[in-house]
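Examination of the molecular architecture
Given next are the chains, with one letter for each unit.
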Amino acid sequence: MCGIVGYIGHREAYPIVLKGLQRLEYRGYDSAGIALYDGKDLKMSKTKGKVADLKKRLENEISTNGTVGIGHTRWATHGEPNDVNSHPHYSNSGDLVIIHNGIIENYDALKKELKKRGYTFKSETDTEVLVNLIEDVIKKEDVKLGKAVQIALNQTVGAYAIAVFNKKKPDEIVVARLGSPLAIGVGEDEFFVASDASPFIEFTNNAIYLEDGEMAVVRRHKEVKIRKIKDDSLVDPYMHELQLNLEQIEKGGYEHFMLKEIHEQPNAISDTYRGRMLVEKGLIRMAGVDDNMERIANAKRFIIVACGTSWHAGLVAEYIFEDIARIPVEVEYASEFRYRNPVISENDVVIAISQSGETADTMAAIKLAKEKGAFAFGVCNVVGSSISRETNAGAYTHAGPEIGVASTKAFTTQITVLTLMALKLGKFKGTISNSDFQFYLQEMERIPGKIKKALESDELIQKIAFTYKDAPNCLYLGRGYNFPVALEGALKLKEISYIHAEGYPAAEMKHGPIALIDEQMPVVVIATKKGHYEKVVSNIQEIKSRKGKIIAVVTEGDEEVRELADHVIEVPETIESLTPLLTTIPLQLLSYHIAVLLGKNVDQPRNLAKSVTVE
Ligand code: G6P
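All figures in this text were calculated on a predicted structure; none of them were measured in a lab.

Let us look at the overall build of the protein. Scanning the protein for helices and strands turns up 20 helices and 27 strands. On the principal axes, the C-alpha backbone points of the protein span a range of 80 × 55 × 45 Å. Burial status across the protein gives 62% buried among its 615 residues. In the protein, the share of contacts with a sequence separation of at least 24, taken over all contacts with a separation of at least 6, comes to 71%. Approximately 23,800 Å² of the protein is accessible, and the part contributed by carbon and sulfur atoms is 47%. Of the side chains in the protein, 75 bear a positive and 85 a negative charge, and the two mean positions are spaced by 3 Å.

Structural data, given as structure tokens:
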């Protein structure tokens, strides 16, 4: 889950590669590095830390001229994040330079072989092994770079998106992909290579996405040639026209991407249902569901696989599908599912939820389910991502690019898509009445306005954040539809403020967490009117009698909880199953403000990455 970027063309490569790295930093920020070819020689600079650190270092270290360059931002897998282990990596001769996102699993065996043949290694990385393997092939077999990359990759086991440059053949960059994403931006007499399209969006709208097992030689003044790594067969490149624009990937006046993305939720949700929900006609159109209606509606069971925040969206969806469409649902961590021997049949539909569409474990879970005959449905945000291509059908979330590492709008738009799907299936199966169906559609249309209302509590939440910013622990409680919201609230706090937080079903509190409650312990309780309200009020009383500090998220106008709680944050009223779309908002803001007050890096929290393409 590193970010890679490269340029070959007629412009200065340095600013393009550097800016590209900044845009890809969401993929990892343990270290950053760049290699530029100035027409005579290769210049390289790399450092532990962020792209900003690299920029500072570059200013004194190397000349930044040249029209070819590659760069890398790293999320460390092999070797600690220090300068030496940072990418790019040279081959022993210094002719080749490589950047790599992924893991070469058999690197140790390959390294031993290469050592016997006299190769030496400066770093502990698998990547330095790969670049020397490529060099060894060139020497032994006297082949060009493209062929050497192909031969070398056929000896590896693992995952990669790589870009390799040979200073002796300075008019080409060779790229290859297996398991990690790689896009080629095609401009007028210039090419860009990158983990996603964000580094080149202001230069071209044309992109080719390599498929797993493909490689390309990107050559000046030539067409891109794509081949299968395994058998060298030529593949016809498919040119995507990108819909992305620059504004979508910039902060637009907000201090952080996370805050911008929290505030984008009203629009993101309406973008997600626009064109799908035809309220006047009483219809939901979703091509991925419509085209496979019998298969999906007659499923014996849905198995939802996902990781992180997407897994929480899956938990909310479990309630919705069972409630509205009466289809039994299991929600699984993709990483656990794939390493069990799960019982899957042809009557199952496996739904993969993934913002990035690149999460390695979710991808592997889908492949496993398909092998066992299940129908795979993807709910992804990134258009053209690996999971969206691997699944039999799917529905995009249309949240727009999410850059902040802590997921916000992806979560609420995932819930939106899954709700539409449940309603559509419920209508088809007759498990929801026409009037209820219609009421849902109307209420869904009101959700963006209600989120705007929920966002108005920002100032109040900032004050609450100030009161509790130094708490070492925090408990989040919710029931029913809001139990997954409690999990998500706790995850948000952990991710960006590094405060230990736990989410729990409110009723389970008395089976353990209640022992933690004292006058120091803030407890965030979701206590909306619709959804086991009286029971949650009892839970609040239990906390109060142990002197815990209660921050309650309540329905507008609630007086009962106001009497009991230390702080109340109101959200507008809605149908119970849509409450997560509202109750999530204050929890996102609370963790945001606490992290800001603590001086943490909100958009790039330590040790995390947005797109986890390693297992
Ligand atoms: C990482 C991100 C999370 C995200 C999870 C799943 O851990 O930091 O924000 O929820 O991966 O990612 P996906 O792209 O599959 O939704």
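Another aspect to go through is the site of the ligand. Surrounding the ligand, one finds 13 residues, the nearest of these being Ser-310, Ser-354, Gln-355, Ser-356 and Thr-359. Here an oxygen atom of the ligand sits 3.0 Å away from a polar atom, N or O, in the main chain of Thr-309. A distance of 3.2 Å separates an oxygen atom of the ligand from a polar backbone atom of Val-405. For the ligand, whose unbound accessible area comes to 380 Å², protein coverage reaches 91%. A total of three residues in the shell around the ligand trace back to one element, the largest contributor, which is helix H10 (residues 308-325). Partitioned by chemical class, the residues of the shell around the ligand number four nonpolar, eight polar and one charged.

Turning our eyes to something else, we now look at the environment of Ala-374. Mapped onto the elements of the fold, Ala-374 is located in the loop between helix H12 (360-371) and strand E21 (375-380). The buried category is assigned to Ala-374, whose relative accessible area is 6%. Sequence separation between Ala-374 and Phe-302 is 72 residues, and the spatial gap between their C-alpha atoms is 9.8 Å. In this view, Ala-374 contacts Arg-295, Ile-344, Ser-345, Asp-348, Val-350, Ala-369 and Asn-392; residues no more than four positions away in its chain are not counted.

In terms of domain boundaries, the protein breaks down into domain 1 (3-248), domain 2 (251-454) and domain 3 (458-597). Computed from C-alpha coordinates alone, the two centres of domain 1 and domain 2 are separated by 34 Å. Contacts between the two partners involve eleven residues from domain 1, matched on the other side by eight residues from domain 2. When the two sides are added together, the surface that domain 1 and domain 2 hide from each other amounts to roughly 890 Å², 46% of it contributed by carbon and sulfur.

Taken as a whole and assessed by the stated rule, the structure comprises seven aromatic pairs. Ring plane angle 40° and centroid distance 5.3 Å describe the contact between Tyr-319 and Tyr-481, whose orientation is recorded as tilted. Taken together, the residues Tyr-319 in helix H10 and Tyr-481 in the loop between strand E23 (473-478) and helix H17 (483-497) connect sequence positions 162 residues apart. Judged by its relative accessible area of 29%, Tyr-319 falls in the partly exposed class. Ring pairing ties together the aromatic residues Tyr-7, Phe-192, Phe-200 and Phe-203, which thus form one cluster. Above the ring of Phe-121, the side-chain terminus of Lys-111 is found at 5.3 Å from the ring centroid.

Another point: the side chain of Ser-123. Tracing the backbone shows Ser-123 in the loop between helix H3 (107-116) and helix H4 (126-141). On the basis of relative accessibility, which here comes to 6%, the residue Ser-123 falls in the buried class. Engagement of the side chain of Ser-123 in a polar contact is seen with the side chain of Thr-125, the distance being 2.8 Å. Apart from residues lying up to four places away in sequence, Ser-123 is in contact with Val-84, Asn-85, His-89, Lys-111 and Glu-128.

Okay, the sheet that holds strand E18 (residues 301-306) next. As summarised here, the arrangement of the five strands in space is E19-E18-E20-E21-E22, forming an open sheet in which the pairing is parallel. Two strands bound the open sheet, and with one partner strand each, they are strand E19 (329-333) and strand E22 (393-396). Strand-to-strand, the axes of this sheet are offset by a mean angle of 20°, without reference to chain direction. Both E18 and strand E20 (residues 348-354) contribute to a ladder of five bridges, which runs parallel. Paired with Arg-301 across the bridge in E20 is Asp-348. Sitting on the sheet, H12 touches E18, E20 and E21, and the angle it makes with E20 is about 165°. Contacting E18, E20, E21 and E22, helix H14 (residues 409-429) crosses the sheet at an angle of about 155° to E20.

What counts and what doesn't
- Residues numbered from 1 in each chain as written.
- Predicted model: local features only at pLDDT ≥ 70, side-chain atom pairs only at ≥ 80, totals over all residues.
- Heavy atoms only, no water.
- Helix = DSSP H or I, 4+ residues; strand = E, 2+ residues; numbered from the N terminus.
- Buried < 20%, exposed > 50% of the residue type's maximum accessible area, 1.4 Å probe, protein only.
- Contact = heavy atoms within 4.5 Å.
- Areas by Shrake-Rupley, 256 points an atom, 1.4 Å probe, with all protein chains shown as cover.
- Lys, Arg positive; Asp, Glu negative; His and termini not counted.
- Charge placed at Lys NZ, Arg CZ, Asp CG, Glu CD.
- Near = heavy atom within 4 Å.
- Polar contact = N/O pair within 3.5 Å; in protein donor to acceptor, adjacent residues only side chain to side chain.
- Nonpolar A, V, L, I, M, F, W, Y, C, P; charged D, E, K, R; others polar.
- Domains from an automatic or database assignment.
- Buried area = accessible area lost by both parts, 1.4 Å probe.
- Phe/Tyr/Trp six-rings, centres within 6.5 Å; stacked < 30°, edge-to-face > 60°.
- Lys NZ or Arg CZ within 6 Å of the ring centre and 35° of its normal.
- Pairing = 2+ DSSP bridges.
- Axes fitted to C-alpha atoms, helices over the stretch in contact; angles between N-to-C directions.

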